[in-house]
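So the chains spell out like this:
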Amino acid sequence: MFKNYIKVAFRSLNKNRTYAIINILGLALGLAVTILVFMFIKDETSYEKHWNGYERVYRTGIKASVMGQTMDAPVSPSPMANAFRTEFTDVETATRINTVKQEIMVRYEQTKVYIQKAVHADSTFFKIFDYEFVHGDPKTALVGENSIVLTEESARKVFGDVNPIGKIVKYDNRQDYIVKGIVKEPKGHSHFQFDMFMSRNTIRNYWMSNGQYTYVKLKEGVDANAFLTKMRSNFMKKIEPDVERFLGTTVAELFKGESFYEYQIIPLKDIHLHSIKEMEIQQNGNIMYIYVFIGIALLVILIAGINFMNLSTARAGKRAKEVGVRKVSGASKKMLVTQFLTESVIQSFIALFLAFVLVELFLPGFNNILETELYLFNSHIIETVVFSLIVTLFYGLFAGSYPAFFLSSFQPISVLKGDVTKTNGGALLRKILVITQFTASTILIIGMIIIFQQISFLHNKDIGFKGDQVIVVPIQSDPMAKKFRNYKSVFLKNSNVVSVTRASFYPGDKPNQNMYLLEGSKDQLPLWNMDVDYDFFKTLDIKMLDGRKFDREKESDSIPYFILNETAVKNFNIQNAVGRKLSINQGSSDNTNYGNIIGVVKDFHIQGFNSEIRPMVLTISNDLWFASFKIANEDMTSTIDYIEKEWSKLEPSHPFRYTFLDQKFGKLLRQQENFGAMFLFLTILAIIISAMGLYGLASYTAAQRTKEIGIRKVLGASVPEVMRMLTKDFMKLVLVANIFAWPITYLLAKNWLSNFSYQIDMPILPYVFATLLALIIALITVSFQAYKAAISDPVDALKYE
Amino acid sequence: MIKLNELTKIYRTDEVESTALNAVSFEINKGEFVSIMGPSGCGKSTLLNILGMLDKPESGSYEFLGNEVAHLKEKGRSDVRKKNIGFIFQNFNLIDELTVFENIELPLLYNKVPASERKQRVNQLMEQIGIAHRASHFPQQLSGGQQQRVAVARALITKPPLILADEPTGNLDSSHGNEVMELICDLHEAGTTIIMVTHSSHDASYSDRIINLLDGQIVSEKKNKLVKAAI
């Protein structure tokens, strides 16, 4: 019996090739999108799951508000990991790491290599993160203060094929480390990626400085919430002595008002998708994108499914005779439903095959945009295939159900006598389906435009400094740092080098934070420190709002001078900052060294657009490790070559490295841009599928109305008039779709924009544009069919009957 | 075999009500060959549809092989029809996507006859009807006469006791038409009951009895004295 169904299914598809292609292609596109999104989500949710016991591992963090200044970061103090290990019976082990923020030079004999992602870790690190050791013993590899572990790739870079165990490398020209282990790259994704691990086990017993990352692994069966309570009560006792020493008050006093200081933990597996704080080790993913992609995939597949339903029912008339004959020959309704469902399932599986081909085609671009490394035959291949089969089957049954039931309900007598054209049932449903399709497409178009507007808004936002044509060069050695200010003239000899300066860090990096006292007030505030030299404001074109910049002539070396940013002044709540005195809180009041606030600088971004600007204080220093050069627009390459040549003469021990300042900053926007690109791709897909469906419907409608068209032409209708008649109904549907789309998009867009600290006002233009675009697309699609029908010979039309 | 009593069929649209059959009553015996004649719109096709259980009457009774079937649900009607009635239509009504063999085989499939038996019966019937040489061709590749012969074979494959024919030669030229009528006569001689709707008195002359309909009612019934014998 099924053989008969399958035979008929294929022959029927072959006979109506255009519709079969539209259906199958549209469905294939929809399935391809679903598969890609599934693969992406599987990948994104697989983070950390390769570590043994990962379900019991947590990372700590702090959420605090102290005197109006907030902090919410996954950082912890130096002694915390050890406290976990020694004072809590619920803890299996804990570890502490400190990431190295820039690349480090590692030297072995004559080989000098820059390692990108180094980390200091204590001896229990590999107990929680069980890297596979090729050489060495995880239990002892990070004991002491000068052990180092390398990944296979780093080891190869430094040592070539030599077995590195026991060899000594020089780290950053400063310290010797003994190689105690070589590890393989981990088998799965993690929220960090390290190339090199240096042991650091000393503990600085100061609880108020949070610059490390601590991970704790609980014993089996321990309840995390109960543990958190214990942890908080224990640690709040620990910060008491430091609070008294540095803030001059007690913990109870401090947290009386609005202030609070709360330790937190987050499960390791949730970090990648749910932790979006400042000072993450590297940029994490975002659960929001997952939801959005799922939503879009559903929309796309909905649109494709609607096509299928629509085209099948529209063309039902052609199969009506067959239905009648089969019924007369003894088929029951159930048998007919089974037959038609078989057909739609077959179509779905053909589409699935095509979908996999499309997935292979799309993957490189997809990986490029989302910065993933997905490929079909990865570790999730079985799940992907099973998922695809289930979706396809479900799809074939679901999308095929309506046409199947519709077709099998035809009464034999009406269809066998040729009254097929009268069976135009389902017209209303078809209209509803088309409206749904175009609503979905319009939502996507509007969304896409708004996303791009928001992104370019961020791009063009005044970041407070000019980073184009500025290169940043890290200083690697002490002598270079000490003598740099004397070397500036060497570089400036080249007329294309406009200005040279140094600072203690650059955008994208993490600054230091200290507590500062304002003279004459009880207020102490945490401020970010930025040390700069005299040419800083000039080189980066940062504007002053009040007072003056640092000036070599006007200042003596014994008194500190400070420049605050706008936000700092606002937080201190003072009218005129210039002239007042400020001091770092050294901990004991007799050591307070007040300096003058000489100026207020306009706020500039350091951490990327999505963070608010923090209160900052700038000071002059010679201990600065990032140089930057503003160079002229012409001949940039040769200017950089010149700088490199001169630099290498001055700092021969380390190879010259540089990045463009605006690129460093631009990287922070990358995730949003990727998201936007993905959205664009999916939107285009959705539009294509909708247009295909509309094309199919339009050709069916034109065929339906052949007789009517013939009569009208005989009575004098012109081609444009006939075309208008045929397209009018479809245009109405698209307009209705837009009426639905606008409010839905408004709500979704408002929600998405609220994720940004700096957001555009809701624009009107995208809505209008999207409506026009939808209308034009529909018009073009339908007109083609309408034109064909309108120019046909009336004679042919009338003979039809 | 068939007993109709006061059978009435009314077609309704939003505004118009038309009575297609008005309290029609007659009987047909096993083995009879009956023609139903009348002008366009007199209700012959409606009558045939009801006889074939493709439609339900408004009121009245229809006894088929001793059972009342007038108000059966579709499943019930389908079951009776499957086993007992074969149809021959004016416009052949073959399924274009199936070959000659598959078209003829179709009723056997729905009657759950196993594959080997199907093959044997279809081949045999094709030989009898004279289209075995076209077994794997599609309807579009056949002439009108050949298509109708396939349709006749399909109607016969389940060996139904009753054949209903609706203008069987309507779309055929005279020589092909005669061929089909010969086939139908052969069936009649073999004992099948045949009810045929026709315009053509030439065709009607092959039958035993002629019932004339006008405006939904029987106006006359006469036995055919001159039965054209098969040549």
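Okay, so let's go over this structure. Predicted model only: the values in this text are computed from it and were never measured. (Residues numbered from 1 in each chain as written. Chains lettered and ligands numbered in written order. Predicted model: local features only at pLDDT ≥ 70, side-chain atom pairs only at ≥ 80, totals over all residues. Heavy atoms only, no water.)

### So, the sheet that holds strand β2 (residues 17-28) of chain B
All names here are of chain B.
1) Next: Strand order across the open sheet formed by four strands is β2-β1-β4-β5, with antiparallel pairing between neighbours. Edge positions in the open sheet fall to β2 and β5 (67-68), since each of these has one partner strand only.
2) Next: For strand β4 (residues 59-64) and β5, the ladder comprises two bridges, and the chain directions are antiparallel. Directly across from Phe64, in β5, lies its bridge partner Asn67.
3) Next: Here helix α1 (residues 44-51) sits on the sheet in contact with β1 (2-12), β2 and β4, set at roughly 120° to β1. (Pairing = 2+ DSSP bridges. Helix = DSSP H or I, 4+ residues; strand = E, 2+ residues; numbered from the N terminus. Contact = heavy atoms within 4.5 Å. Axes fitted to C-alpha atoms, helices over the stretch in contact; angles between N-to-C directions.)

### Focus: the interface of chain B and chain A
1) Next: Taken residue by residue, the interface counts 27 residues in chain B and 23 residues in chain A.
2) Next: Between chain B and chain A we count four salt bridges in total.
3) Next: Residue Lys15 of chain A pairs with Glu97 of chain B through a salt bridge whose shortest N-O separation is 3.4 Å.
4) Next: For the pair chain B and chain A, the number of links is six residue pairs in polar contact (both at pLDDT 80 or more).
5) Next: Contributing elements (two or more residues each) for the side of chain B that touches chain A: α1, α2 (74-84) and α3 (100-110) of chain B.
6) Next: In terms of residue count, the dominant contributor to the side of chain B that touches chain A is α3 of chain B (five residues).
7) Next: Broken down by class, the residue content of the side of chain B that touches chain A amounts to 11 nonpolar, six polar and 10 charged. (Salt bridge = Lys/Arg side-chain N within 4 Å of Asp/Glu carboxyl O. Polar contact = N/O pair within 3.5 Å; in protein donor to acceptor, adjacent residues only side chain to side chain. Nonpolar A, V, L, I, M, F, W, Y, C, P; charged D, E, K, R; others polar.)

### Regarding the nonpolar core
Residues and elements named next belong to chain A.
1) Next: In this structure, Leu31, Phe40, Phe293, Val359 and Phe366 are the most contacted members of the largest nonpolar core, which totals 70 residues.
2) Next: Looking at this core, the elements with two or more residues in it are α2 (17-44), α9 (287-314), α11 (333-370), α12 (381-408), α14 (427-460), α20 (670-704), α22 (719-753) and α23 (765-790).
3) Next: Looking at this core element by element, the count peaks at 14 residues for α9.
4) Next: Aside from chain neighbours lying at most four places away, what touches Phe366 is Leu36, Phe40, Thr372, Leu374 and Met678.
5) Next: With 57 residues, the next largest nonpolar core counts Ala83, Tyr215, Val243 and Ile266 among its residues. (Core = buried A, V, L, I, M, F, W, Y, C linked by side-chain atoms within 4.5 Å. Buried < 20%, exposed > 50% of the residue type's maximum accessible area, 1.4 Å probe, protein only.)

### Brief notes about the pattern of salt bridges
Residues and elements named next belong to chain A.
1) Next: As enumerated under the stated definition, the model contains 32 salt bridges over all chains in all.
2) Next: The salt bridge involving Lys277 is made with Asp72; its shortest N-O contact spans 3.2 Å. Linking Lys277 in the loop between α8 (271-274) and α9 with Asp72 in strand β2 (residues 69-73), this pair joins segments that are 205 residues apart in sequence.
3) Next: Connected via shared salt-bridge partners are Lys488, Asp533, Asp535 and Lys538.

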